[in-house]
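# Summary of structural features
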Amino acid sequence: MKRALVFDSGVGGLSVADAMAGLALTIDYAADNAWLPYGAKSDAELRTRCPALIAALAAQLSPDVIVVACNTASTIALDAVRAAVPQPVVGVVPPIKPAAAMTGSGVIGLLATPATVRRAYTDDLIARFAADAHVVRFGSTALVAAAEAKLAGGAPDAGAVAEAIAGLFLAPRGEEIDVVALACTHFPLLAEELRTAAPRKVAWLDSGAAIARRVAEVSGCGAGSVQAARAVFTGPLTAALQRNAFERRGFSHFAQAPEGTAFTLSSA
Ligand code: DGL
């Protein structure tokens, strides 16, 4: 069976792994939780960290395809990651294009990390695919923490959800939003909370299905069911580390890959 390495700063990539459930693939997952949240890191830091870490993990796990299941990393470091590894690399693109195709009102909400909302990559996507639309952007790091808390088995911070909803729908022209593009892989994990807190019914789009299609194309894997294998963390495994969320998805081997040992894997 072909092997994929799914990478994110934390649990966000699990929303992408969930979308890949119908593929005949073995998945190893790596979370750079020592550096979470990526949305608060500088572009330069991520362009150095992500290729070095992903190349070290890929050399040890030998995937057939690497999935950078993190918008914050993909929008700044994808070319650098591709240059650092021999495997094909699939990145996440904020779903601006499908949101622009879907909006009837011409007003799209964009919910991402603070880093992703201000990226030139995002400006370029909007200019190319949503030039006729008005995009209301809101960046949240608190929502990343809320998703981590939810997957750790706790209650997600309702304040973070309310703040994000207000940031979109109470912004100028926010009352016209009919589609929200979720451009952080942590946020589909809070889809239910976001839908419930929204002032009315709108469409919520994420990139999970598009990535799964691309992974199938690139890896040549067929349809089937995903086999979850190893979950790797750069930081300590603590209760807040959502081990249960990984076990529920079938991950059975846990490993650590700390920076201090050049990201060498050891069982956890
Ligand atoms: N899951 C990541 C993304 O898609 C980022 C979360 C973080 O800030 O670390 O952008």
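To start, this report covers the structure provided alongside it. (Residues numbered from 1 in each chain as written. Predicted model: local features only at pLDDT ≥ 70, side-chain atom pairs only at ≥ 80, totals over all residues. Heavy atoms only, no water.)

### Quick word on helix α6 (residues 120–129)
- Along α6, the residues classified as buried are T122, L125 and I126. When α6 is viewed along its axis, its buried side chains cluster within an angular range of 95° and face the same direction. With respect to the buried face of α6, the exposed residues turned more than 90 degrees away are A120, A127 and R128.
- Along its buried surface, α6 packs onto α4 (96–102), β5 (107–112), α5 (114–118) and β6 (134–139). (Buried < 20%, exposed > 50% of the residue type's maximum accessible area, 1.4 Å probe, protein only. Helix = DSSP H or I, 4+ residues; strand = E, 2+ residues; numbered from the N terminus. Arc of directions from axis to C-beta. Contact = heavy atoms within 4.5 Å.)

### Side note on the pattern of salt bridges
- Under the criterion given, the structure shown has 12 salt bridges.
- Among the salt bridges present, the one from D28 reaches R3, with a minimum N-O distance of 2.8 Å. One end of the pair, D28, is in strand β2 (residues 25–31); the other, R3, is in strand β1 (residues 2–8), and 25 residues separate them in sequence.
- Ionic pairing is found between D32 and R49, a salt bridge with its closest N-O pair at 2.7 Å. One end of the pair, D32, is in the loop between β2 and α2 (43–61); the other, R49, is in helix α2, with 17 residues separating them in the sequence. Comparing D32 with R49, the two get one shared label, buried.
- Among the charged side chains, a network of salt bridges with common partners joins D32, R49 and E259. (Salt bridge = Lys/Arg side-chain N within 4 Å of Asp/Glu carboxyl O.)

### Notes on unusual backbone geometry
- With omega at 0°, the peptide bond leading from L36 into P37 counts as cis.
- With respect to the helices, strands and loops of the structure, P37 is situated in the loop between β2 and α2.
- Phi is positive for F263, which is not a glycine, with a value near 60°.
- Its location among the elements puts F263 in the loop between β10 (253–256) and β11 (266–267).

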